[in-house]
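# A structural walkthrough
What follows is the residue order along each chain.
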Amino acid sequence: MAGLGRTKISLPSQFSSHFSFNKTFAICLTGSTRASGVVFFGPGPYQFLPNIDTSTDLIYTPLLLNPISIAAAYSVPKPSSDYFIRVTSIKINQITVPDIDASWIAIDHKGNGGTKISTVAPYTILQTSIYKAVTKFFKNQLSGIPTIPAVTPFGL
């Protein structure tokens, strides 16, 4: 387990301090059940095999900073140590899921909302109204396909 957050004790912070490079890292989360992901620390180049620089071939999602931490431990607002990504909609079957309040997927001026990305949670966690809209739409898209009883913690 490695902490990759924005705090001073995170692995990117410790490596950047020790090896004198910017707090930069890249993480490749594989979609394969047979291959492991990989993490690179430092500014690159990122090489999967000797002499093959993949830095220019990577597709990435920029990480956003929530300017206000929502952690209860801070009495004075500080920037969040969590990572956020810009989400504009959720699609199922190439169709935008209706009835999703855009204020829940974007960070507002008070630091509320937003789409936090985490490698800690073993599955995606959605705000209740978004979860209801997604599961309702998903079920409608799969009409005619039999379902099984729900498996905790999932409802569908």
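## Side note on the overall build of the chain
Along its length, the chain carries 2 helices and 8 strands. Shown N-terminal to C-terminal, the secondary structure of the chain runs as helices and strands in the order α-β-β-β-β-β-β-β-β-α. Taking the principal axes of the C-alpha coordinates as reference, the chain spans close to 55 × 45 × 30 Å. Within the chain, buried positions represent 17% of all 156 residues. Partitioning the intrachain contacts of the chain with sequence separation of at least 6 by distance along the chain shows that 38% fall at a separation of at least 24. When the accessible surface of the chain is split by element, carbon and sulfur atoms take 58% of a total near 12000 Å².

## As for unusual backbone geometry
Of note, the bond from Thr152 into Pro153 is cis; its omega dihedral lies within 30 degrees of zero at 10°. On the secondary structure map, Pro153 appears in the segment after helix H2 (128–141). If you check the backbone angles, Ser20 has positive phi at about 55° while not being a glycine. Inspection of the secondary structure assignment puts Ser20 in the loop between helix H1 (11–19) and strand E1 (25–28).

## Examining H2
Look at H2: 20 Å from first C-alpha to last across 14 residues, which is about the 20 Å you get at 1.5 Å a residue. Those residues of H2 not exposed but buried are Ile130, Ala133, Val134 and Phe137. In a view along the axis of H2, the buried residues occupy a sector of 95°, so they form one face of it. More than 90 degrees from the buried face of H2, the exposed residues found are Thr128, Lys132, Lys136 and Lys139.

## What about the pattern of salt bridges?
Oppositely charged side chains can form a pair if their charged atoms are brought close together. Applying the stated criterion across every chain yields a total of 1 salt bridge. Of the charged contacts, one joins Lys116 and Asp82 as a salt bridge, the two residues approaching to 3.9 Å between their closest N and O atoms. Taken as a pair, Lys116 in strand E8 (residues 115–117) and Asp82 in the loop between strand E4 (52–53) and strand E5 (83–85) lie far apart in primary sequence, 34 residues in all. Residue Lys116 is classed as partly exposed on the basis of its relative accessible area of 48%.

## Let's talk about the confidence of the model for the chain
Taken over all residues, the pLDDT of the chain has a mean of 81, while the share at 70 or more is 92%. Here strand E3 (residues 47–49) is the element of the chain with the lowest mean pLDDT, 71, and strand E7 (residues 95–96) is the one with the highest, 94.

## Examining the layout of surface pockets
There is about 1300 Å³ of room inside the largest pocket. Along the walls of the largest pocket sit 37 residues, with Phe25, Ala26, Ile27, Leu63 and Tyr83 positioned nearest its centre. Among the elements that make up the lining of the largest pocket, the one with the highest residue count is E1 (4 residues). When its residues are assigned to classes, the lining of the largest pocket shows 22 nonpolar, 11 polar and 4 charged. Here the second largest pocket is characterised by a volume of approximately 710 Å³. Of all the secondary-structure elements, those providing two or more residues to the lining of the second largest pocket are E5 and E8. It is E8 that provides the largest number of residues to the lining of the second largest pocket, a total of 3 residues.

## What about the nonpolar core?
Membership of the largest hydrophobic core is limited to 8 residues, which are Ile92, Val97, Ile100, Ile105, Ile130, Ala133, Val134 and Phe137. When residues in this core are grouped by element, the largest group, 4 residues, is from H2.

Analysis parameters
- Residues numbered from 1 in each chain as written.
- Predicted model: local features only at pLDDT ≥ 70, side-chain atom pairs only at ≥ 80, totals over all residues.
- Heavy atoms only, no water.
- Helix = DSSP H or I, 4+ residues; strand = E, 2+ residues; numbered from the N terminus.
- Buried < 20%, exposed > 50% of the residue type's maximum accessible area, 1.4 Å probe, protein only.
- Contact = heavy atoms within 4.5 Å.
- Areas by Shrake-Rupley, 256 points an atom, 1.4 Å probe, with all protein chains shown as cover.
- Expected span 1.5 Å × (residues − 1).
- Arc of directions from axis to C-beta.
- Salt bridge = Lys/Arg side-chain N within 4 Å of Asp/Glu carboxyl O.
- pLDDT = per-residue confidence, 0-100.
- 1 Å grid on protein atoms, 1.4 Å probe; cavity = no way out; pocket = protein on both sides within 12 Å on 5 of 7 lines; lining within 4 Å.
- Points joined across faces, edges and corners; volume = space filled by probe spheres on them.
- Nonpolar A, V, L, I, M, F, W, Y, C, P; charged D, E, K, R; others polar.
- Core = buried A, V, L, I, M, F, W, Y, C linked by side-chain atoms within 4.5 Å.

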